[in-house]
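Breakdown of the fold
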Amino acid sequence: MTRSVTVRVPAKVNVQLAVGAARPDGFHDLANVFLAVGMYDEVTATPADALRVTCSGPDAGLVPLDATNLAARAAIALAERHGIAPDVHLHIAKDIPVAGGMAGGSADGAAALLACDALWGTGAGREELLALCAELGSDVPFSLTGGAALGVGRGERLTPAEVGGTFHWVFAVADGGLSTPAVYGEFDRLTAGTQVPEPTASAALLAALRTGDTAALADALSNDLQAAALSLRPSLADTLAAGTAAGALAALVSGSGPTTAFLTDGEESARKVADALLTSGTCRDARVATSPAAGATVL
Ligand code: C5P
């Protein structure tokens with residue numbers, strides 16, 4: 001019998017995040033182009049007497065270990081569906097920034113689901129796993145699939161997108177997190193009384209991904225939540241400016257922030273931008289990573 005299962009799962013950056021008006025259910029319709037980046041959490045599932053979550057890594061203290069943790073919720077959801085007890089120890093080796101706009105929590109949810117399914121032999125198919133992911137959160141299905149994808153609806157209905165090359169990023173990690181609902185709330189406040197257009201995917205952006213054209217991707221990057229994230233955290237403007245001054249081709253807030261993302265034209269310039277960001281004093285850490293990356297994978 002398998003005694004433990006470990007799943008590796010990537011972070012994401014939104015290369016396009018087009019946000020529509022708030023829906024009656026409070027969510028926003030999106031045209032959300034996800035790109036997985038090679039920065040990973042690992043979730044290990046081991047049989048236990050009761051559900052327990054632990055976490056290691058420099059920012060482990062910031063991760064909730066109770067039933068609000070998406071990894072715990074994933075185990076409970078899968079166990080309930082199969083009429084078994086969620087008696088499992090989930091250990092999260094955390095490397096993705098916490099509450100950073102890089103889907104770290106969502107990644108742990110997708111990884112726990114895959115790990116528990118393998119440990120318990122519940123044999124959930126891809127469709128069942130994707131449906132469970134969508135119940136856990138809007139970004140969770142993409143953490144399972146990885147690569148690149150256009151997400152519509154809340155962002156959970158995915159169509160894979162082709163990626164024809166490697167993209168070199170720098171991610172500036174901010175002090176403290178930003179709450180996703182708070183950022184969407186600020187978006188609603190900033191757009192109140194205006195006609196918010198229907199979100200649509202950018203053909204130029206999808207073409208840039210398909211052809212692996214970094215300069216074209218730099219021109220097409222966009223994030224409708226950026227103004228809201230900057231409004232809640234004005235100091236992010238200094239981080240964006242520092243990365244741009246150091247030679248990044250483009251800079252934007254990652255998802256709901258506060259992590260900021262810098263697209264560069266190669267490994268060398270990525271390292272240069274990361275060094276400049278580190279010495280600028282405008283962020284807590286600067287990390288280099290490439291895209292695309294594979295989705296949640298059993299090791
Ligand atoms: O789906 P998830 O639980 O990750 O969403 C967290 C919060 O982000 C929601 O409660 C909502 O406030 C906001 N959200 C939204 N529209 C989306 C996705 C998330 O308003 N499409």
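Read on for an overview of the structure. (Residues numbered from 1 in each chain as written. Predicted model: local features only at pLDDT ≥ 70, side-chain atom pairs only at ≥ 80, totals over all residues. Heavy atoms only, no water.)

1. Structural notes on the packing of helix α1 (residues 70-82) against helix α3 (residues 126-136)
Where α1 meets α3, the closest approach of the two axes is 10 Å, and the angle between their N-to-C directions is 130°. Comparing their axes, α3 and α1 come out oblique. Considering the relative orientation of α1 and α3, their crossing is right-handed. Each of L70, R73, A74, A77, L78, R81 and H82 in α1 lies in contact with α3, whose residues at this interface are E128, L132, E135 and L136. (Axes fitted to C-alpha atoms, helices over the stretch in contact; angles between N-to-C directions. Helix = DSSP H or I, 4+ residues; strand = E, 2+ residues; numbered from the N terminus. Parallel < 35°, antiparallel > 145°, perpendicular 65-115°, else oblique. Left-handed = near helix turned anticlockwise from the far one by under 90°. Contact = heavy atoms within 4.5 Å.)

2. A few points about the sheet that holds strand β7 (residues 167-173)
Taking strand neighbours across the sheet as the criterion, the 4 strands line up as β9-β10-β7-β11 in an open arrangement whose pairing is antiparallel. Two strands lie at the open edges of the sheet, namely β9 (250-253) and β11 (285-291), each paired on one side alone. Sheet twist, expressed as the mean angle between neighbouring strand axes with direction ignored, is 25°. Of the strand pairs in this sheet, β7 and strand β10 (residues 260-264) are connected by 5 bridges, and their pairing is antiparallel. Note on β10: the bridge partner recorded for F171 is A261. Running at roughly 10° to β7, helix α10 (residues 267-280) makes contact with β7, β10 and β11 of the sheet. (Pairing = 2+ DSSP bridges.)

3. Comments concerning the site of the ligand
Surrounding the ligand, one finds G26, F27, H28, L30, G137, S138, R154, T180, P181 and Y184. Contact between the ligand and H28: an oxygen atom at 2.6 Å from a side-chain N or O atom of the residue. S138 has a polar side-chain atom sitting 2.5 Å from an oxygen atom of the ligand. In isolation the ligand has 450 Å² of accessible area, and contact with the protein removes 74% of it. Going through the elements one at a time, β2 (28-47) and α5 (180-191) are the ones with two or more residues in the shell around the ligand. If you tally residues by element for the shell around the ligand, the top one is α5, at 3 residues. Counted by class, the shell around the ligand contains 4 nonpolar, 5 polar and 1 charged residues. (Near = heavy atom within 4 Å. Polar contact = N/O pair within 3.5 Å; in protein donor to acceptor, adjacent residues only side chain to side chain. Areas by Shrake-Rupley, 256 points an atom, 1.4 Å probe, with all protein chains shown as cover. Nonpolar A, V, L, I, M, F, W, Y, C, P; charged D, E, K, R; others polar.)

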